[in-house]
Amino acid sequence: MSSPRELEAAEYLEKLKLIELMDNLTSMLFFYRPDRPKEFLIDQLEKLKVHPGKPPCLFNESNLDALFGVLDPSHQGFITYSQYKEALKTLGIKNFNEFPEGASDDRISQETFIREATEGLVGSAATVQL
């Protein structure tokens with residue numbers, strides 16, 4: 001059983017999304033491998049302070065376009081709902097629109113996928129406001 005202090009610490013981390021912030025920053029370090037990691041982290045935190053609605057994120061629209069292309073190798077312009085869900089989960093998005101445009105037809109367009117993935121990434125990367 002957890003002590004009151006441990007529960008308080010867990011609530012603090014969850015409330016401010018500090019685990020997500022550290023995960024994002026660590027992922028960015030591994031991805032970019034900056035020569036000066038401390039300055040890189042400071043720069044990312046300063047960007048977060050100036051633009052709190054734009055948390056650090058590894059994926060941009062061109063990355064999502066590429067991912068959609070992998071899921072749609074025949075260039076039909078659509079992926080299945082199952083592909084949509086699995087792709088978002090693979091990106092680490094836990095909370096996403098379960099009923100996006102095209103879900104009822106099992107045809108999720110690239111535009112819908114990128115919009116939903118972007119919203120999900122921003123939401124999952126949203127961190128403490130400095």
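Residues numbered from 1 in each chain as written. Predicted model: local features only at pLDDT ≥ 70, side-chain atom pairs only at ≥ 80, totals over all residues. Heavy atoms only, no water.

An unreviewed UniProt entry lists the protein chain under the name EF-hand calcium-binding domain-containing protein 10, with Carassius auratus given as the organism.

### Focus: the pattern of salt bridges
For the structure shown, the criterion picks out 6 salt bridges. Residues glutamate 8 and arginine 5 are paired through a salt bridge, measuring 3.1 Å at the closest nitrogen-oxygen approach. Placement of the pair is glutamate 8 and arginine 5 together in helix α1 (residues 4-16), with a separation of 3 residues, close to one helical turn. One salt bridge connects arginine 115 with glutamate 101, and the closest N-O pair in it is separated by 3.9 Å. (Salt bridge = Lys/Arg side-chain N within 4 Å of Asp/Glu carboxyl O. Helix = DSSP H or I, 4+ residues; strand = E, 2+ residues; numbered from the N terminus.)

### With respect to the packing of aromatic side chains
As enumerated under the stated definition, the model contains 5 aromatic pairs in all. Here the aromatic rings of phenylalanine 31 and tyrosine 32 are separated by 4.9 Å at their centres, their planes lie at 90°, and the arrangement is edge-to-face. By relative accessible area, phenylalanine 31 is classed as exposed at 54%. Ring geometry for phenylalanine 68 against phenylalanine 113: centres 5.8 Å apart, planes inclined by 45°, an arrangement best described as tilted. Of this pair, phenylalanine 68 sits in helix α4 (residues 61-71) while phenylalanine 113 sits in helix α6 (residues 110-125), and the two are 45 residues apart along the sequence. The exposure class of phenylalanine 68 is buried, given its relative accessible area of 2%. Clustering of aromatic rings is evident, with ring pairs tying together Phe31, Tyr32 and Phe40. Residue placement shows arginine 107 over the ring face of phenylalanine 78; its charged tip is 3.9 Å from the ring centre. (Phe/Tyr/Trp six-rings, centres within 6.5 Å; stacked < 30°, edge-to-face > 60°. Buried < 20%, exposed > 50% of the residue type's maximum accessible area, 1.4 Å probe, protein only. Lys NZ or Arg CZ within 6 Å of the ring centre and 35° of its normal.)

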